[in-house]
Amino acid sequence: MEKRLLGNTGLLVSQIGFGVLPMGPAQLNLSIEEGATLIDYALEAGFNFFDTAQYYRTYPYLRRGLKGWESRGGHSATAAQPVICSKSLTTSYEEMMKAIDEARLALDRDVIDIFLMHEVRSGQLPQRARAWEALMEARARGWITAIGLSTHHVDVAAAASKISELDVIFPLLNIAGLGIRKGQHFATAGEMLAAIKDCRQTGKGVFTMKAFGGGSLTGSYQAALDFVLGQPDVQSIMVGFGRKSEIDDMISYLNRTMDKGYNPDTSHKHIHINQEDCEGCGACKAACPASAIFWNEAGLAEVEQSRCLTCGYCTPVCPVRAVLLY
């Protein structure tokens, strides 16, 4: 798989990254062995860029998968070595330092390649200033190679281009603009691309998320990938994987052996609402034509699968991309 330098970081990453979230407790809840085998399979296929996060609870999968690969001589292979990105939602200096230490210990790595402030929203940069200080100090101490932020918000991405200490940005981008925000309002893919361009012009590395809009655009698989991969300012795309067949499809697409009319079978997949992301705003519930979304005991939205039409009307209205198809 093609490898690209990520901005000015010196890190060489695969053009498609492996998002580890889907295999974890919040979604497929694979066993550690199943998840590690999937990561090992991806490494053998040429993936070397992996995304995780403190709240995903997926460090054990990565640790086991990487150890298995290294035990077979992967660490001395000619392929680019694994690059791991993690991130934390914490806002304080102390908690961010704890998050970094947790990742280093759980992954058994002295250095985390990339560490980010996770999901920074409009207006949050000032309140997360102390967490940012922790990231800069950890980088100075050699515990992290590159620092930055992930965001769904155009204005945050634009602001990131002006932060000289920031190495990389991980924004949301897809062909339909699903989930892209600017303040309290929805924004467009074009607006996000303009912010991404500003980041690249200042030397930031850019890798993007949710090319398939949380699964809702999988029915337009090749068009969705063509759009994001066709952007000159995007260096890598992070895609969530939970099955070997999904890795095989991606390799087929990249190798240009995929039939032009092919789209992955999604008939076995269902709409879910990630309980760790849902904020209980009710937008999805109001949009559902089948009254399949209800409030659970925690006051969050949940799907009654027997009523769900899998129509996708709930997907574009969620402000935090908590509605997923898997």
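Just so it is clear, the structure is predicted and the values come from calculations on it, not from any experiment.

Quick look at the overall build of the protein
Here's step 1: Each helix and strand counted, the protein has nine helices and 16 strands in total.
Here's step 2: Taking 2.2 N^0.38 as the reference for a compact globule, 326 residues should give roughly 20 Å; the C-alpha atoms of the protein span a radius of gyration of 19 Å, in line with that estimate.
Here's step 3: Taken along its principal axes, the extent of the C-alpha atoms in the protein is 55 × 45 × 40 Å.
Here's step 4: Looking at the protein residue by residue over its 326 residues, the buried ones come to 55%.
Here's step 5: Taking all contacts inside the protein whose residues are at least 6 apart in sequence as the whole, residues at least 24 apart take part in 73%.
Here's step 6: Split by element, the accessible area of the protein, about 13,600 Å² in all, is 50% carbon and sulfur.

As for the pairing of strand β5 (residues 83-88)
Here's step 1: For β5, the buried fraction is high: six of the six residues fall into the buried class.
Here's step 2: Of the pairings in the sheet, the one linking strand β4 (residues 49-51) to β5 comprises three bridges and is parallel in character. Each residue of the ladder has a partner; that of F50, found in β5, is I84.
Here's step 3: Of the crossover connections in this fold, the one passing from β5 over helix α3 (residues 93-107) to the parallel strand β6 (residues 112-117) is right-handed.

Focus on the state of the cysteines
Here's step 1: Counted under the stated rule, the structure contains zero disulfides.
Here's step 2: Take C85: it sits in no disulfide, and the sulfur closest to it among the cysteines is that of C199, at 15 Å.

About the criteria used
- Residues numbered from 1 in each chain as written.
- Predicted model: local features only at pLDDT ≥ 70, side-chain atom pairs only at ≥ 80, totals over all residues.
- Heavy atoms only, no water.
- Helix = DSSP H or I, 4+ residues; strand = E, 2+ residues; numbered from the N terminus.
- Rg over C-alpha atoms; globule rule 2.2 N^0.38 Å.
- Buried < 20%, exposed > 50% of the residue type's maximum accessible area, 1.4 Å probe, protein only.
- Contact = heavy atoms within 4.5 Å.
- Areas by Shrake-Rupley, 256 points an atom, 1.4 Å probe, with all protein chains shown as cover.
- Pairing = 2+ DSSP bridges.
- Right-handed = clockwise from strand over helix to strand, strands pointing away.
- Disulfide = S-S within 2.5 Å.

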